[in-house]
Amino acid sequence: MTLISFVVPAFRVQGYLRECLDSLLDQPYRDIEVIGVDDASPDACGDILDEYAARDPRVRAVRLPRNVGLGPARNVGLDRATGEYVWFLDGDDRLAPDCLPEVADRLTGTRPDVLLVDHVRVHWDERATRSALPEVFGDPPGAATFRLAERPEALRLLHTAWNRVVRREFLTGLGLRFAPGWYEDVAFSYPVLLAAGRIGVLDRVCVHYRQRRAGAITRTLDGRHFEVFDQWNRVFAFLDGRPDLAGLRPLVFERMIWHYLTVLGNGDRIAPALRQAFFQRITADHRRLRPPGGYPVPDGGDGLKHRLVAAGRWHTFSALRAVNQARETARVTGRRVRPVARRTARLARDALLHEYYRAELRRPIDPTLAVYAAYWYRGYACNPAAIDAAARRLAPQVRGVWIVRRDRVDTLPPGTEYVVAGTRDAQRALARARWLVNNVNFPDFVRKRPGQVHVQTHHGTPVKVMGLDQQRYPLGAVGMDFAGLLRRVDRWDYSITSNAFSTQMWDRAYPADYVRLEVGYPRNDRLVTATAEEVRAVRAGLGIAPDERVVLYAPTHREHLPGYRPPFDPYRLLDVLGPAGRLLVRSHYFHDREGRVRRRAGGRVVDVSDVGTVEDLYLAADVLVTDYSSAMFDYAVLDRPIVIYAPDHDAYRLARGVYFDVTAEPPGAVALTFEELREVFRSGAVTGESAERARRAFRERFCGWDDGHAAERVVRRVFLGESG
């Protein structure tokens, strides 16, 4: 029999589900099964579960025909579990590395009905806070097991399903199921402890409990928080049927009131208009369920809250809360004085322009104006340029204006309307545009005014970690202001993504409430629609003869290693490309060597870093050589050979972090040394059967939306308001 069955329900957690599943399957203990339950999630959760089930026999994927909620979804997984123990893990949490062997040893060594494990709360800003386990068990129980009556302090541990591993026969014999509704853990976790004959505690962090910035019910204002009363009523109904547990009733009652007050005290859950009604429900349960002999009322301010609840004194309770909130505000404000002063000093440098911008904010929005920008105002490029071109064709009533740096004005296509960054004209456009479209974020001073629509197009499919995920890799995040990043993300109305993988990773990296438009990358439309005549013209414009075999080398930038140059000798690579070979290099690393390269190689090696339109280079190239650059996803649209050359693969993964291993799931041949790269071309592996097979799988996964109509889909949804 399998030792542990993990039940993983999934609903709207596509950005985190892969990390959750990897944390289970990568453990140094394999006697597990994973039952993933797609609770009719509207995102890609079901596809992710199917993908993992197809490649690992330990995973079983279940798709529910309709959304049933977290509790019933867990029941579906429980019914399919075959393991001796069941562990319910939410799809946005993850198991701590290497913890499973120790869990397995404790389970097989002591055979508890319930094993409680420790956890940490991992916040969206990567802060980690410990659980209450060290305080609850001041006298650690070690490997010994106990009944709840012997160690009643166990009731004070967080009442979740995922911090306890439960013997399956004990659970099914108890007939305990998860109830529908919010706070479903309550009616499961307390009865499990109350009924268990053998409880164990493993004093090791096993679960990383994710504190999401957006999407969690604990941060959602909703009347459904009243469902907590139903869940606690189920706990007391269980106690009513077990007179042998009457001695524990006062302790359970105290936990109930504590939980009610915790929910009420959270400003992210109960709307002000509902607070009094919620308080009155607490008072009603206090009077109806209070044990005849009383219960242990806590000391101090918490005890005062209990007494006010018992007396039904809402107005006094509300006034006390207001006083406490005022004290906390004063304390926090005091801490912020210095940062605010620094921000004010910075803003003063641009005070006049910003004052003008603020004045323009009071003027009406121009309902026809769309403002475009790309790469920090570097010119007409990328997804915004493709969207602008499509809007001119499909929505001619929209007037497109570009913001560009003064030194990049001469790169704009003829007839492009523009304003120069940092001028009053640019401030006016930012303040009054109906649509703001960018492939990076607009500056911090830009406000999201009512009626404006911000469109974030991004500028690549993520290989390296991005956004909040960079907090785990500080070498690649030097100087990043994550709080400022999130303020910018909160302005987004739309996030344009090129494939399901990008959508999932952006959810993790940039958590906020925006619309995900998974429509393909507009900039790649040209790669789909380009004719043979256009390709010949592009090659001719670059001085490439029809019979030349062109290799484009485009490595990514190492932000964490600014002086690093990948070991790459263009002349030795030309040796294996043959006399018809031509090498284009698009990298700032070769700027200072351009003249020398051309003299030594007779023009067969050309630095193309200054070519403004990278799509021209893709169309001209017969083969792409890259490492961790998003160029591979764009170039794959052309269905031409790609070589991954990753000489610093292990170091890059550790220092910068990646979302997936390009050497394990490559778009073609792989080389980890320069000699291997030369051999890929010398042997013909660049176009061999293995490389072709890898490219087909890569294209199937990442290029499904690339049909030449991505920009049109964006324009119809964003500018014309069409759905579907």
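Quick note: structure is the one above.
For clarity, every value in this text was computed on a predicted model and none was experimentally measured.

Student: Before we move on, can you summarise the packing of aromatic side chains with the specific residues and values?
Tutor: One pass over the full model with this rule turns up 36 aromatic pairs. Note on Phe279 and Phe317: the rings are 5.0 Å apart at their centroids and 45° apart in plane angle, and the pair reads as tilted. Of this pair, Phe279 sits in helix 10 (residues 272–289) while Phe317 sits in helix 12 (residues 314–348), placing them 38 residues apart in sequence. Given the relative accessible area of 7%, Phe317 is considered buried. Seen from their ring centres, Trp506 and Tyr510 are 5.5 Å apart, and the 40° between their planes marks the pair as tilted. Pair check on accessibility: Trp506 and Tyr510 agree, each one buried. An aromatic cluster is defined as three or more aromatic residues linked by ring pairs; in this entry it consists of Phe501, Phe633, Phe660, Phe698 and Phe702. Against the face of Trp258 rests Arg255, its NZ or CZ located 4.3 Å from the ring centre. Across the ring face of Phe660, the terminal group of Arg701 is positioned such that the distance to the ring centre comes to 5.6 Å.

Student: Please set out the environment of Ile496 residue by residue, giving values where relevant.
Tutor: In this fold, Ile496 is placed in strand 15 (residues 494–497). Along the backbone, Ile496 and Asn439 are 57 residues apart, and their C-alpha atoms lie at a distance of 9.3 Å. Ignoring any residue separated from it by four or fewer positions in sequence, one finds Ile496 in contact with Val455, Gln456, Thr457, His458, Leu517, Val519, Gly520, Tyr521, Pro522 and Val714.

Student: Give a detailed account of the sheet that holds strand 18 (residues 581–585), specifying residues and quantitative values.
Tutor: One open sheet accounts for 6 strands, arranged 19-18-17-20-21-22; its pairing is parallel. Across the chains shown, the open sheet's two edge strands, defined by having one partner strand only, are strand 19 (605–607) and strand 22 (669–671). Each neighbouring strand pair of the sheet contributes to a mean axis angle of 20°, computed without reference to strand direction. The sheet contact formed by strand 18 and strand 19 spans 3 bridges and is parallel.

Student: Can you break down the pairing of strand 13 (residues 433–438) residue by residue, with the values?
Tutor: Consecutive side chains along a regular strand alternate between the two faces of the sheet. Counting buried positions along strand 13 gives 5 out of 6 residues, so the element sits mostly inside the fold. Looking at chain direction, strand 10 (residues 366–373) and strand 13 are connected through 5 bridges and run parallel. The residue of strand 13 that forms the bridge with Tyr372 is Val437. Pairing analysis gives 4 bridges linking strand 13 to strand 14 (residues 453–456), with the strands arranged parallel. When the bridges of strand 14 are listed, Leu436 appears paired with His454.

Student: I'd love a proper account of the sheet that holds strand 11 (residues 399–404), names of residues and values included.
Tutor: The parallel open sheet is built from 7 strands, whose spatial order is 12-11-10-13-14-15-16. The outermost strands of the open sheet, each flanked by one partner alone, are strand 12 (418–420) and strand 16 (515–518). When strand polarity is set aside, the average angle formed by the axes of neighbouring strands in this sheet is 25°.

Student: Describe in detail empty space enclosed by the protein, supporting the description with residues and values.
Tutor: The tally for this structure, following the rule as stated, stands at 3 cavities of 30 Å³ or more. Its volume calculated, the largest cavity comes out at about 100 Å³. What lines the largest cavity is a set of 13 residues, among which Tyr16, Trp124, Arg210, Leu468 and Arg508 lie closest to the centre. If you add up the space inside the second largest cavity, you get close to 70 Å³. For the second largest cavity, the full set of lining residues is Leu436, Asn438, Val440, Asn441, Phe442, His454, Val455, Gln456, Arg488, Arg491 and Trp492. Counting residues per element, the ones that place at least two in the lining of the second largest cavity are strand 13 and strand 14. Residues of the lining of the second largest cavity, tallied by class, amount to 5 nonpolar, 4 polar and 2 charged.

Student: Just give me the short version of the environment of Pro134, but keep the residues and values in it.
Tutor: As for its placement among the helices and strands, Pro134 is situated in helix 5 (residues 133–136). Looking at Pro134, the relative accessible area reads 37%, which means it is partly exposed. A sequence separation of 16 residues divides Pro134 from Asp118, and the C-alpha atoms of the two residues are 9.1 Å apart.

Criteria and cut-off values
- Residues numbered from 1 in each chain as written.
- Predicted model: local features only at pLDDT ≥ 70, side-chain atom pairs only at ≥ 80, totals over all residues.
- Heavy atoms only, no water.
- Phe/Tyr/Trp six-rings, centres within 6.5 Å; stacked < 30°, edge-to-face > 60°.
- Helix = DSSP H or I, 4+ residues; strand = E, 2+ residues; numbered from the N terminus.
- Buried < 20%, exposed > 50% of the residue type's maximum accessible area, 1.4 Å probe, protein only.
- Lys NZ or Arg CZ within 6 Å of the ring centre and 35° of its normal.
- Contact = heavy atoms within 4.5 Å.
- Pairing = 2+ DSSP bridges.
- Axes fitted to C-alpha atoms, helices over the stretch in contact; angles between N-to-C directions.
- 1 Å grid on protein atoms, 1.4 Å probe; cavity = no way out; pocket = protein on both sides within 12 Å on 5 of 7 lines; lining within 4 Å.
- Points joined across faces, edges and corners; volume = space filled by probe spheres on them.
- Nonpolar A, V, L, I, M, F, W, Y, C, P; charged D, E, K, R; others polar.

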